[in-house]
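Read off the chains here:
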Amino acid sequence: VRSTLAINAGCPQRLCVQIEGELQRQRERHGVPLSIIGHSRGGILARAIAARLQGDVTSLVLLGSPVGAMLRMPSWTSAAIAVDSPAARRVADASTAFRRLIDPDCNVPECGCPFPPDLRRPLHPRTRVVSICSRDDPIVPAAACTVEGARNVEVGGTHSGLAFNRDVYRELASALAG
């Protein structure tokens, strides 16, 4: 199922609640375990949701998502998030500006909402994680995508192109079949 987001911008807590609601509806309707796939910022949301849903999630697939870097930070504050490339800095700045526009009361991670601790919370021990990155990605460097305990896969291509990449689909098939 799709995430139900018209746009993946704004308060991550609000977005997670919206996506999680749809996942729960689908889980109740179909009664099968969940596999969650998230691209870029969507992977960050997917990681937090998988931690919230614990044993209901059998697979988590991250595409070009800096989850690994975020989990390695000793603490997540706005000042601690350093972005190396100019392209990544522009994306991060645009995301912050848009969040302030559509969710002016959100000042994550300083707000105290459940999102930052959920992002860092351990996943269920049986949740399989695959993190796929592109060695050619100017937005999210491959090293930022490396997640401890995950199957980390590097492919070629662009950041946006990960959603259409033939090598990514092979990895998805393998991850979802397991």
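Residues numbered from 1 in each chain as written. Predicted model: local features only at pLDDT ≥ 70, side-chain atom pairs only at ≥ 80, totals over all residues. Heavy atoms only, no water.

### Description of helix H7 (residues 166-177)
Its 12 residues place the ends of H7 17 Å apart at the C-alpha level, agreeing with the 16 Å of an ideal helix rising 1.5 Å per residue. Those residues of H7 not exposed but buried are Val 168, Glu 171, Leu 172 and Ala 175. Down the axis of H7, the buried set is contained in an arc of 105°. They therefore lie on one face. Turned more than 90 degrees away from the buried face of H7 sit Arg 166, Arg 170 and Ala 177, all of them exposed. Residues of H7 that are buried sit in contact with strand S1 (34-39), strand S2 (57-63), strand S3 (128-134) and strand S4 (151-155). At the N-terminal boundary of H7, the capping side chain belongs to Asn 165, with an oxygen 2.7 Å from the backbone nitrogen of Asp 167. (Helix = DSSP H or I, 4+ residues; strand = E, 2+ residues; numbered from the N terminus. Expected span 1.5 Å × (residues − 1). Buried < 20%, exposed > 50% of the residue type's maximum accessible area, 1.4 Å probe, protein only. Arc of directions from axis to C-beta. Contact = heavy atoms within 4.5 Å. Polar contact = N/O pair within 3.5 Å; in protein donor to acceptor, adjacent residues only side chain to side chain.)

### So, the layout of surface pockets
For the second largest pocket, the calculated volume is near 740 Å³. Elements that contribute at least two residues to the lining of the second largest pocket include exactly helix H1 (12-30), S1, helix H2 (41-53) and H7. Here the lining of the second largest pocket is built from residues that sort into 17 nonpolar, 8 polar and 3 charged. (1 Å grid on protein atoms, 1.4 Å probe; cavity = no way out; pocket = protein on both sides within 12 Å on 5 of 7 lines; lining within 4 Å. Points joined across faces, edges and corners; volume = space filled by probe spheres on them. Nonpolar A, V, L, I, M, F, W, Y, C, P; charged D, E, K, R; others polar.)

### Observations concerning the sheet that holds S3
The strand order across the open sheet built from 4 strands is S1-S2-S3-S4, with neighbouring strands paired in parallel fashion. Strands with a single pairing partner mark the edges of an open sheet, and in this sheet they are S1 and S4. Strand-to-strand twist across the sheet, computed as the mean angle between neighbouring axes with direction ignored, equals 15°. Pairing analysis gives 5 bridges linking S3 to S4, with the strands arranged parallel. What sits directly across from Cys 133, in S4, is Glu 154. The strands touched by H2 within the sheet are S1 and S2, with S1 carrying the most contacts at an inclination of about 155°. (Pairing = 2+ DSSP bridges. Axes fitted to C-alpha atoms, helices over the stretch in contact; angles between N-to-C directions.)

### Re the pattern of salt bridges
This model, assessed by the stated rule, comprises 9 salt bridges. In this structure, the salt-bridge partner of Glu 20 is Arg 52, at a minimum N-O distance of 3.4 Å. In this pair, Glu 20 sits in helix H1 while Arg 52 sits in helix H2, placing the two residues 32 residues apart along the sequence. Accessibility expressed as a relative area gives 17% for Glu 20, which makes it buried. Measuring nitrogen to oxygen at the nearest pair gives 3.1 Å for the salt bridge that ties Glu 22 to Arg 25. Residue Glu 22 and its partner Arg 25 are both found in helix H1; the two are separated by 3 residues, about one turn of the helix. Residue Glu 22 is classed as buried on the basis of its relative accessible area, which comes to 14%. Overall, the relative accessible area of 48% leaves Arg 25 in the partly exposed class. (Salt bridge = Lys/Arg side-chain N within 4 Å of Asp/Glu carboxyl O.)

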